[in-house]
Amino acid sequence: MFLVYFVLITFIVTTVVKHFLRKILNIEKEKKEFFSYNHINKLHGKIDWVIRISSMLMIIIISSLSIYQQYPLSFFLIAMIIYIGIDYGVRAFFEWKYSQNPKQSILTISEMIVLMISILTIMQFNLFSS
């Protein structure tokens, strides 16, 4: 039950931060489909798929290490921070460099920071160890 609350709080904080940044920096809202990839261009799509496939392999390897070698949860969380940094970093770069609304990259970076802080909070306070 704690995990549901934590995810909900993270979602709310992300939404509030993005809302305030939109108002303060006058960033227009982009219309995106809910379950689409929203690639900026074909190169972004190719790089994004490489990141997704490599992250799936990483998750499989780390999960097997956690199950069979008794690796701690923090090992998995560090890998998630790295994945989030790469994924959101690439998306922010393509939004900044190639999109019609480069300010959108600020929102992407803010979302990345909120997610990383959430994971670091889990690690720092050892919230899921029990």
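Data block above holds the structure.
This is a predicted model, so every value here is computed, not measured. Each chain carries its own residue numbering, running from 1 in the written order of its sequence. Per-residue local features of the predicted model are confined to residues with pLDDT of at least 70, and side-chain atom pairs are confined, for both listing and counting, to 80 or more; whole-chain, interface and lining totals are unaffected and use all residues. Only heavy atoms go into the side-chain values, all of them from the structure, while hydrogens and water stay out.

With respect to the overall build of the protein chain
Which entries qualify depends on this criterion: A run of DSSP states H or I qualifies as a helix once it reaches four residues; a run of E qualifies as a strand once it reaches two. Both are numbered from the N-terminal end. Accessible surface area values rest on a Shrake-Rupley calculation with a 1.4 Å probe, where residue burial reflects the displayed protein chains alone.
Tallying secondary structure elements over the protein chain gives 4 helices and 0 strands in all. Mapped in sequence order, the helices and strands of the protein chain form the string α-α-α-α. Accessible area of the protein chain: about 9,400 Å², with a carbon and sulfur share of 69%.

A closer look at the packing of aromatic side chains
Each pair of aromatic rings is reported with the distance of its centres and the angle of its planes. What counts here: For Phe, Tyr and Trp, rings pair up if their centres lie within 6.5 Å, where Trp contributes its six-membered ring, and each pair is then called stacked (planes under 30 degrees apart), edge-to-face (over 60) or tilted (otherwise). Each residue is placed in one exposure class: buried if its accessible area under a 1.4 Å probe, protein chains only, is under 20% of its type's maximum, exposed if it is over 50%, and partly exposed if it falls in between. By the criterion adopted, a ring carries a charge over it if an Arg CZ or a Lys NZ lies within 6 Å of its centre and within 35 degrees of its normal.
Considering all chains together, one arrives at 6 aromatic pairs under this definition. An angle of 35 degrees between the planes, with centres 6.0 Å apart, marks the rings of Phe 2 and Phe 6 as tilted. Of the two residues, Phe 2 and Phe 6 are both situated in helix H1 (residues 2-25); the distance of 4 residues between them amounts to about one turn of the helix. What makes Phe 2 partly exposed here is its relative accessible area of 41%. The buried category is assigned to Phe 6, whose relative accessible area is 15%. Ring pairs connect the aromatic residues Phe 93, Phe 94, Trp 96 and Tyr 98, which therefore count as one cluster. A cation over an aromatic ring shows up here: Arg 52 above the ring of Trp 49, its NZ or CZ 5.5 Å from the ring centre. In this structure, Arg 91 is placed above the aromatic ring of Tyr 88, and the distance from its NZ or CZ to the ring centre is 4.6 Å.

Considerations on the environment of Phe 94
Stated formally: Contacts are residue-level and defined by heavy atoms, with any inter-residue pair within 4.5 Å sufficient.
Note on placement: Phe 94 falls in helix H3 (residues 73-98). Distance in space between the C-alpha atoms of Phe 94 and His 44 is 6.8 Å, their sequence separation being 50 residues. Apart from the residues within four sequence positions on either side, Phe 94 is in contact with Ile 40, Asn 41, Leu 43, His 44, Ile 47 and Ser 99.

Digging into helix H4 (residues 104-125)
Defined as follows: One less than the number of residues in a helix, times 1.5 Å, gives the span that helix is expected to have.
Over its 22 residues, H4 runs 32 Å from end to end, which matches the ideal 32 Å to within 8%, given 1.5 Å per residue. Residues Gln 104, Ser 105, Leu 107, Thr 108, Ser 110, Glu 111, Met 112, Val 114, Ser 118, Ile 119 and Ile 122 constitute the buried set of H4. In the core, the buried residues of H4 are packed alongside H1 and H3. Following H4 by one or two positions, Asn 126 has its phi on the positive side, about 50 degrees.

Looking at the nonpolar core
Worth spelling out the cut-off: By nonpolar core we mean a set of buried residues, namely Ala, Val, Leu, Ile, Met, Phe, Trp, Tyr and Cys, connected to one another through side-chain atoms within 4.5 Å.
Grouped together as the largest cluster of nonpolar side chains are 9 residues: Phe 6, Leu 77, Met 80, Ile 81, Ile 84, Tyr 88, Met 112, Ile 119 and Ile 122. Secondary-structure elements contributing two or more residues to this core are H3 and H4. The greatest single-element share of this core, amounting to 5 residues, is contributed by H3.

Section: a nonpolar patch on the surface
The condition is simple: Residues forming no salt bridge and having over 30% relative accessible area are the ones grouped into patches, like charges within 9 Å of each other and nonpolar side chains (Val, Leu, Ile, Met, Phe, Trp, Tyr) within 5 Å. Salt bridges are defined as contacts in which a side-chain nitrogen from Lys or Arg sits within 4 Å of a carboxyl oxygen from Asp or Glu.
Taken together, the side chains of Leu 8, Phe 11, Ile 12, Val 16, Phe 20, Ile 24, Leu 25 and Ile 106 present a nonpolar region at the surface, about 760 Å² in accessible area. Of all the elements, H1 adds the most residues to the nonpolar patch, at 7 residues.

Thoughts on helix H2 (residues 42-68)
Just so we agree on the cut-off: Side-chain atoms alone can form a polar contact between residues adjacent in sequence; in general such a contact is a pair of N or O atoms within 3.5 Å, and within protein one must be able to donate a hydrogen while the other accepts it.
An ideal rise of 1.5 Å per residue puts 39 Å on 27 residues; H2 measures up with 39 Å between its terminal C-alpha atoms. For H2, the set of buried residues is His 44, Gly 45, Asp 48, Ile 51, Ser 55 and Ile 62. Looking at the packing, one finds that the buried side of H2 touches H3. Capping the start of H2, Asn 41 holds a side-chain oxygen 3.3 Å from the backbone nitrogen of Leu 43, two or three residues further along. Immediately downstream of H2, the backbone of Gln 70 shows phi near 60 degrees, a positive value.

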